[in-house]
Structures are given as C-alpha cells and as structure tokens.
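Chain residues, written in single-letter form:
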2 protein chains.
Amino acid sequence: MKKVGLIGLGAMGSGMAGSLRRAKFDLYVLDVRPEVSQQFVKDGGTACSSLKELGSLCDVVVSVVVNAAQTEAVLFGSPDAPGLVDSLKPGSVFIMCSTVDPNISIAFESRLAEKGILYVDAPISGGAAKAASGEMTMMTSASAQAYDKVNDILNAMSGTVYRLGDRAGIGSKVKVINQLLAGVHIAAAAEAMALGLREGVDANALYEVITHSAGNSWMFENRMAHVLAGDYKPLSAVDIFVKDLGIVLDMARASKFPLPLSSTAHQMFMQASTAGFAKEDDSAVIKIFPGIELPKASK
Amino acid sequence: MKKVGLIGLGAMGSGMAGSLRRAKFDLYVLDVRPEVSQQFVKDGGTACSSLKELGSLCDVVVSVVVNAAQTEAVLFGSPDAPGLVDSLKPGSVFIMCSTVDPNISIAFESRLAEKGILYVDAPISGGAAKAASGEMTMMTSASAQAYDKVNDILNAMSGTVYRLGDRAGIGSKVKVINQLLAGVHIAAAAEAMALGLREGVDANALYEVITHSAGNSWMFENRMAHVLAGDYKPLSAVDIFVKDLGIVLDMARASKFPLPLSSTAHQMFMQASTAGFAKEDDSAVIKIFPGIELPKASK
C-alpha cells in the first residue's frame, strides 16, 4: 500500500486526512501544532515530527497549507529546517492543494522536476464539511505520469476531481477564477442587501424573491442567510478574500489584464478588514455600508 | 366578466395578453404599432386605436411599456393625445409592469389616487418564454383595495406573484435590486470568462467547473452559454442594462447610498454600448475586454 503524507491538519486538511484513513492508505501526518497531529493519530495513522521524517517515509505528499509562502517553506525549507525536497525520493509525487498564484504553481512544478519529483496542481473547493465527508471538489492539472500514481488518492479525498490539463497552472487558474466570482458575488450580495435595507425593503422578503429570481447566485443564497441571522461567526473570513482576490489581481497584472469588478470587490474586502471585521465571516463585508441597520442575531 | 386592457404587445406584453385571453377575460389591447394589435386579435380580443378608447372600455389596465417616460405618456398623455386618466373611470385599476425608478412608481400611485384610480406596482421578471406560458414572476405592492380587484388577473399572468407591501414602491425596489444583481453578475461572468481566455484556460471546461462550484450564478450559467456558442443574438440587449443599472444608481443617489460594484458594472455596459454592441445580447459586455479571442459561432 502506498505511503501517503498529509501536511496541514486545518479545517480542510483534517477532513482530507480522515478520508485517506478511511480509504486504508498508510497515512503520515504533520502539522505545525504537534498536539493537533497527536490528536489526529489516536484514530489511526502516524504523526511525523519534521518535514524530513515525513518526506523520507512517503511516496506521495498532500499539502494543505494556507498559502504560497507556506508551500514554498514546506517544499524548499526555511533557515531553521530542511524542506521536503531534501528527503523525498525521485519518482514521488507532491499534491499542492492550496490556492496560490498559478504562476507560482507552475514554478513549483519546474523546480520539483529538477529533483525528479512529480507534481499535481490541485486546489480544493467545497468547505470543511465536504472535505470531511470526502465530497469536496479538486480542480487539478498534472502530467499523465503524475496522475497515474495518485488517481486513487485524489478520488479517495473528493466527490469530483476535475482533470483540466497536462501540466501545472490550469488547475490553479480555474480555482482562482472561481474565487474571482465567489468574491465579487459576496460583495454584490452585500451591496444589494444593503441597498434593500436602506430603501426600507423587508430583508427576508428580499431574500425570498432574489433566491427565486435571475439575480440569484450560490453566494447570495449562502452568505445572505448569515446576514439575515445576524451571524458573522467565520466559516470563511473576510481576510480570505483579501488574499484570494489579491491573487486574482496578481495573476491578471502579470498579463496586464483589466478586472474592473474584481478590483472594486477587493477594495471592499480591504475596507471591511481594516474597519475591524478581518476575522468575521466574509458576509461581514456588508458592514462597510453606512446608514443601514443590519438584522440582529436572535438571543 | 371584467374588461381588461393591455398596453404594449412587446416580447413580454404579448405573452401576458395571451395568458389573459386563455383565462377568458374580456381583453382589449393597444400597441403603438397598430398592425401588431390587429395580428394579435386574430385569435381573440379587441384591438383599440387609442388610449382614450381603451380607457373608456376597461375596468383594469395592464401596462407593459418600455420605461417610465412611456408609462407617463400612457397615463397622463402627450401633446398629441390624451392619456388614460382622461377616460378611466374612478375605481378602475392600473397595473404598472415596467421597470422604473421606485420613486416614480410611488408618484404614479399618488397622482392616480387624485382621480380615484387604484394602482398596482408590479414589475415583471422571467423572460418572454415564461410570459408566454403564464409562468413569469411579478414583484408587486399595492393597497388591499387594489389587490382585491385584480388578484385573479395577476394570477392569470404569473407563476408567482410576490405581494411585498401595501403601497407602491416596494415592488419596484425589489425588482430594481434584482436588476442590480443580474447586471453585476453578467458583467462579473464576462470578466471571469475573459480572464480565463486570457490565461489559456479551455472555455468549456471553465464553464463546466464554475457551474458546479460556489462561483456560480444564475446569470453565469445562462449568459456564458451564449458566449461559448458565439451567439450574441439579443434575448436581452446591452442597452437594457445601461438603462436598468442607471435606474439602480438613480434610486441610490436619491438617498446618497454608495454602490461600488453597480457603478462599475454600469460603466462596463456603457463601454460595451458605445463600442458598438448596444443592440447585441447583454453577454456582449465581454467584448470590452482586450487581448482575447472569443469563441466563434459554429457554421
């Protein structure tokens, strides 16, 4: 049985590790918080104490860290510690699940190829609950050789695996474009709901009509339910879209491509973040609008 | 049986008139193009030749003209011709189905009340096909007295009648907010698809992923199918959103309310209009993006 490592037992990573364990892979986990790894392995699997240890044991490593900088440190090390490239064997496979600038993902593939390590560009989507149930979505691209070695692993973690191309970058590009739409739609939903409140429209009636009309979006339906409930407990925080729309704009700037709505939405999330709502649910972007009274949480 | 007039046999109005005819109302129609009225009444109903004639015959009038200016002329006349108020009897009901600035709809209700005429604020949604099958949506508000007289007529024309308040304005506000979202979502869909093309992502694959992900919207799914087919035959034209997002911004300006995304999307539709795409399908807003090659229509 393949030895599979997973790095980053956060909201998504812990669910994915659970899916790999249920699928009976020989599983090794690592998190910057050692107590989190120890807790996880009570139900099976092995906790590693370093990238070096995990890299030397595993044939395939799934990385579910927060961003490109952490992925860079996992792969290539930091002043304190060697990276995976110092212990992974040639022919092993690295599956990169973070949302990063696609040009950075393309560079990771090239740099790993120099060491004979295969690479799968594999951003994920769907939220923590779907990660836990093995029903999340992966937007992937990779060489046929890399896919051959990890198709069973991708399928074990996901309800849907999109295979979008034969090299790194395409998976990340599609994920980034999904984040463009998700971010603009959350900000647009907030703008529409705020205008309704300003105009004295009943917020629940507005929600009912819009969710049955051509103005609906997945995000309007999902996030405005949080606003109606007055519940800004973060499922995904304002600062995630400060980051992700920033990645959208970085990618487009590299090819000098104008994005009027994305840049406007990014400004709205930055305004929300700096106004004090950085760690609240991303629907708290509605709090940048003046002159309205938002629905309160029921006691 | 009530005598019902309908003014404006366009894409929506002709379908609504058909629904009223199927429901066996005693139907009178009027259009600025007399040949259109004549053609319609071949299958039943009576064509009127003037507002005066229609107003003197009908208990209820449904108005489905293009905008507020035309509604104003229908009600209050023009230098050439008297308006409906000169012939409608006190106690009759005017059903206003156009998308207009809610503050204008509120004023219509007051001005008609002076003549003893009841008013229903009743913008419509759903497109020509649903108007024809009687399955469209109406976003209405009116006094109980007005509703009592026309509930059967509203129900005959619509799959869903939202009753949103007891006075004019609320129906139009909800409709305008739906148009805010619809317009922003079309422009965002175009921005996302354009970025994908710029980045070399396969457009059909991108459509497949987004329509199954959290970035989806009703408008992305509907309008990007036109872009993939290279088909800009107008179902709803670019200039409709120049108008409707203009109404959104007019309404918000009256209460000094900022709408960053709506104003940006409005600029995009104006750019598309003046660049030569005013009469094309609203998905042609994607043509403002430089440096990309759009899918061609198949022969």
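Fair warning: this is a prediction, and the values are worked out from it, not measured in the lab.

A. Fine view of the environment of Leu27(B). Residues and elements named next belong to chain B. Structurally, the position occupied by Leu-27 is in strand β2 (residues 26-30). Residue Leu-27 is classed as buried on the basis of its 23 C-beta neighbours within 10 Å. Separated by 20 residues in sequence, Leu-27 and Ala-47 have C-alpha atoms that sit 8.7 Å apart. Setting aside chain neighbours within four positions, we find Leu-27 in contact with Val-4, Leu-6, Ala-17, Leu-20, Arg-21, Gly-45 and Thr-46.

B. Inspection of helix α7 (residues 144-157) of chain A at higher detail. Residue and element names in this part refer to chain A. An ideal rise of 1.5 Å per residue puts 20 Å on 14 residues; α7 measures up with 19 Å between its terminal C-alpha atoms. Along its length, α7 reaches its greatest deviation from straightness, about 60°, at Val-150. Along α7, the residues classified as buried are Ala-146, Val-150, Ile-153 and Met-157.

C. Geometry of the interface of chain A and chain B. On the side of chain B, 48 residues touch chain A, which itself brings 48 residues to the contact. Among the residues making up the side of chain A that touches chain B, the classes are represented as 30 nonpolar, 14 polar and 4 charged.

D. Structural view of helix α12 (residues 260-277) of chain A. Relative to the 26 Å expected for 18 residues at 1.5 Å per residue, α12(A) spans 24 Å between its end C-alpha atoms, a close match to the ideal helical length. Three or more residues of α12(A) are buried, namely Leu261(A), Ser262(A), Thr264(A), Ala265(A), His266(A), Met268(A), Phe269(A), Ala272(A), Ser273(A) and Phe277(A). Each element contacted by the buried residues of α12(A) is listed here: α8 (170-198) and α11 (238-254) of chain A together with α8 (170-198) and α12 (260-277) of chain B.

E. Expanded view of the relation of the copies chain A and chain B. With an RMSD of 0.1 Å, the fit of chain A onto chain B corresponds to turning through 180° and sliding 0.0 Å along the axis. The relationship between the two copies is best expressed as a two-fold rotation axis. The rotation axis passes nearest to the C-alpha of Ser217(A) in chain A, at a distance of 1.9 Å. Of all interface residues in chain A, 98% are interface residues in chain B too; the two copies therefore contact each other through one and the same surface.

F. How the structure looks around the domain arrangement of chain A. Residues and elements named next belong to chain A. When the domains of chain A are assigned, the result is domain 1 (3-168) and domain 2 (173-288). Across the contact, 10 residues belong to domain 1 and 12 residues belong to domain 2. Within the side of domain 1 that touches domain 2, the residues separate by chemical class into 5 nonpolar, 4 polar and 1 charged.

G. Structural view of the environment of Leu118(A). All names here are of chain A. Topologically, Leu-118 is positioned in strand β6 (residues 118-121). In this structure Leu-118 comes out as buried when scored by C-beta crowding, with 22 C-beta atoms within 10 Å. For the pair formed by Leu-118 and Ser-143, sequence separation is 25 residues and the distance between their alpha carbons is 8.1 Å. Excluding its chain neighbours within four sequence positions, the residues that come into contact with Leu-118 are Val-93, Ser-143, Gln-145, Ala-146 and Lys-149.

Thresholds applied
- Residues numbered from 1 in each chain as written.
- Chains lettered and ligands numbered in written order.
- Predicted model: local features only at pLDDT ≥ 70, side-chain atom pairs only at ≥ 80, totals over all residues.
- Helix = DSSP H or I, 4+ residues; strand = E, 2+ residues; numbered from the N terminus.
- Buried ≥ 20, exposed ≤ 12 C-beta atoms within 10 Å, placed from the backbone.
- Contact = placed C-beta atoms within 7 Å.
- Expected span 1.5 Å × (residues − 1).
- Bend = angle between axes of the 7 residues up to and from the residue.
- Nonpolar A, V, L, I, M, F, W, Y, C, P; charged D, E, K, R; others polar.
- Least-squares fit on C-alpha atoms with pLDDT ≥ 70 in both.
- Domains from an automatic or database assignment.

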